[in-house]
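Structural characterization, general
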Amino acid sequence: MAIQRRRKTKNSSNHLYWELNFLHIKVMEAPYTRLCSKKKILTVNGQFPGPALHVHHGDTIYVTVHNKGRYNITIHWHGVKLTRYPWSDGPEYITQCPIQPGGKFKQKIIFSTEEGTLWWHAHSDWSRATVHGPIIVYPKINGTGYPFSKPHVEVPIILGEWWKRDVMDVLQEAVITGGDPAVSDAFTINGQPGDLYPCSKSETIKLNVDQGNSYLLRIVNAAVNTILFFSVAKHNLTVVGIDGSYAKPLTSGYITIAPGQTIDAVLHANQDPNHYYMAARAFTSSPSVPFGNTTTTAIVQYNGNYTLSSSPSLPQLPYYNDTDAAYSFLSSLRSLADEDHPVRVPSNITTRVVSTLSINALPCHRNRSCEGPNGTILAASMNNITFVNPSIDILEAYYKHIHGVYGADFPSFPPLVFNFTAEYLPLILEVSKTGTEVKILPFNSAVEIIFQGTNVVAGIDHPMHLHGYSFYIVGWGYGNFDKDKDPQNYNLIDPPFRNTVTVPRNGWTTIRFEATNPGVWFMHCHFDRHLVWGMETVFIVQDGTEARLLPPPPDMPPC
């Protein structure tokens, strides 16, 4: 999906054609065989994972999405700020109504400060399980270049999940029963499970390397519901970028990466010539939440003549529930914070939001088996509000002043205050309220959000993603946030700059950003089961005198 300038061409093999900065993609079904069985999956241009989008810092491109599938679809450009133009952001019923089968929508994608690896994915139901691909944002042409030694080769590494069943059936079953959705049958690297799974050996991804060369791995966690550990046997990885921004180099034997997050890491081919596994497997902190306990692999194989070992070496990945390992890595990340990449952490906070993140239980309705606690259905909430999608998108309602679509009463503080992380909590806390409540942010306000995990029903980590912004992760910890003690340990010098933050199980995380991008911007957990259950809200950033929301395009999809 590379953007070609001043050139027009057509490739009938993958249905991709472009002119200047105009790109057309087709969402379509295609047959794929994995784990000894064949099924049709939803793809972009017949590819899984989807094609890579290559752009430069500051580019603006146009992508026309043609829906040739059976389901409604939207496409989200994850981590792209889309300055003053949320019309192309993609989440269904938040910034647009979905593209219906047979329809199309031309999206204007405005790149600004982003550099590094981001990604695009579907943002409707569970379509993103197979509809996703990387975005590679290079430095400006004739700009300063990478702030690290240029690698010899750059390689996208897309981590995902695979179900033998149709993912829409998996989702629908969970909706009907009100329980946890079935876990995936395999994890994947670039669409392939790897040779530890049945019927997968011949298709295992292989990365050929030359001894002495460096390889920039552009790693995306496109998994639907799983935080992952990733490593390469007997090799270290040097992290140089996170979520489309540069980071201080961090050398580690493994990485922790949550759904929605991206990491740029340099692999130095400095070991004896041989074959080595790269591998990924789940991290989960909750023993009560089902997860896939398998391992996906690809093979790093050195070029040249040498005697091959009987089988590749497996990396020593942290154990599935090694919380210390997961957060030791995450808490070691830092912004680059040099002269060309300054850090501007808001200090005089004008808007502070404290939000609890909870798994909840809602009353059961007829015609459902109700597999949640005590005959309920599972739900999720922020500040005890389980978000309900409206019938038209919130952006249109805001722009056209349509009343009755949403409320503006998302609380700035938890309406229920209790020992959030206690082992046993009263059953009355399990029930949340349902609604479509948003938070209004004045333009140019300095915003601080404190996410507080809770142990209601089941405590677990939450990867929280904010559309339209990146933010500084200034602090985190286990247990209940202490408003007097914990801010004393905030990192205001070089905190990591991300668009998705992992909130630890029964812990808290604080982020900060300046609300300088007017529009309607989604905030949600990037576990899709929690998104379906309602762990989300919307920030509406008001216009300022120097920056105002741009008008919509003429072809917004109708509801």
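Residues numbered from 1 in each chain as written. Predicted model: local features only at pLDDT ≥ 70, side-chain atom pairs only at ≥ 80, totals over all residues. Heavy atoms only, no water.

1. A word on the side chain of threonine 295
- Residue placement: threonine 295 occurs in strand S21 (residues 295–302).
- Here threonine 295 falls in the buried class, since its relative accessible area comes to 17%.
- Residue contacts for threonine 295: discarding those within four places in its chain leaves Pro193, Leu196, Tyr197, Ala279, Ala280 and Arg281. (Helix = DSSP H or I, 4+ residues; strand = E, 2+ residues; numbered from the N terminus. Buried < 20%, exposed > 50% of the residue type's maximum accessible area, 1.4 Å probe, protein only. Contact = heavy atoms within 4.5 Å.)

2. Describing the nonpolar core
- Of all hydrophobic cores here, the largest spans 109 residues; its most connected members are Ile135, Phe230, Phe451 and Met464.
- When residues of this core are assigned to their parent elements, the largest contribution, 6 residues, is made by strand S20 (residues 275–283).
- In this structure, Tyr85, Ile394, Val520 and Leu549 belong to the second largest nonpolar core, which totals 14 residues. (Core = buried A, V, L, I, M, F, W, Y, C linked by side-chain atoms within 4.5 Å.)

3. Some details on the layout of surface pockets
- What the largest pocket holds in volume is close to 920 Å³.
- The wall of the largest pocket is formed by 34 residues, among which Thr113, Pro342, Arg344, Tyr472 and Phe497 lie closest to the centre.
- Contributing elements (two or more residues each) for the lining of the largest pocket: strand S17 (245–252) and strand S32 (507–514).
- Split into classes, the residues belonging to the lining of the largest pocket amount to 11 nonpolar, 15 polar and 8 charged.
- Counted as a void, the second largest pocket has a volume near 580 Å³. (1 Å grid on protein atoms, 1.4 Å probe; cavity = no way out; pocket = protein on both sides within 12 Å on 5 of 7 lines; lining within 4 Å. Points joined across faces, edges and corners; volume = space filled by probe spheres on them. Nonpolar A, V, L, I, M, F, W, Y, C, P; charged D, E, K, R; others polar.)

4. Comments concerning the pairing of strand S15 (residues 227–232)
- Among the 6 residues that make up S15, 6 are buried, leaving the element largely enclosed by the rest of the structure.
- In S15, alternate side chains face the same way, and those of Ile227, Phe229 and Ser231 on one face and Leu228, Phe230 and Val232 on the other are all buried.
- Here 6 bridges tie S15 to S20, and the two strands are oriented antiparallel to one another. When the sheet's bridge partners are listed, phenylalanine 229 is paired in S20 with arginine 281.
- As paired elements, S15 and strand S18 (residues 255–257) share 3 bridges and run antiparallel to each other. When the sheet's bridge partners are listed, phenylalanine 229 is paired in S18 with threonine 256. (Pairing = 2+ DSSP bridges.)

5. Brief notes about the UniProt feature "domain: Plastocyanin-like" (unreviewed entry) in the protein
- Per the UniProt record, "domain: Plastocyanin-like" (unreviewed entry) is annotated on residues 28–140, 154–305 and 433–543.
- The span residues 154–305 is 7% helical and 47% strand by assignment, and the distance between its end C-alpha atoms comes to 24 Å.
- As annotated, residues 433–543 has a helix share of 5% and a strand share of 50%, and its two end C-alpha atoms lie 30 Å apart. (UniProt positions renumbered as here; feature names shortened; annotations may be inferred.)

6. Describing the sheet that holds strand S5 (residues 53–56)
- Taken in spatial order, the 4 strands of this open sheet run S5-S10-S9-S7, and their pairing is mixed. Bordering the open sheet on either side are S5 and strand S7 (75–78), each of which pairs with just one other strand. The average undirected angle you get between the axes of adjacent strands in this sheet is 25 degrees.
- In terms of strand pairing, S5 meets strand S10 (residues 132–138) through 4 bridges, oriented parallel. (Axes fitted to C-alpha atoms, helices over the stretch in contact; angles between N-to-C directions.)

7. Comments concerning the state of the cysteines
- Here the structure, examined in full by the defined rule, presents 3 disulfides.
- Here cysteine 97 connects covalently by a disulfide to cysteine 559, the sulfurs 1.6 Å from one another. The chirality of the disulfide connecting cysteine 97 with cysteine 559 is left-handed, given an S-S dihedral of about -50 degrees. Of this pair, cysteine 97 sits in the loop between S7 and strand S8 (104–110) while cysteine 559 sits in the segment after strand S34 (536–541); the two residues are 462 residues apart in sequence, bridging distant segments of the chain.
- Residue classification places cysteine 97 among the buried positions, given a relative accessible area of 0%.
- Across the disulfide from cysteine 364 sits cysteine 370; the S-S distance is 1.3 Å. (Disulfide = S-S within 2.5 Å.)

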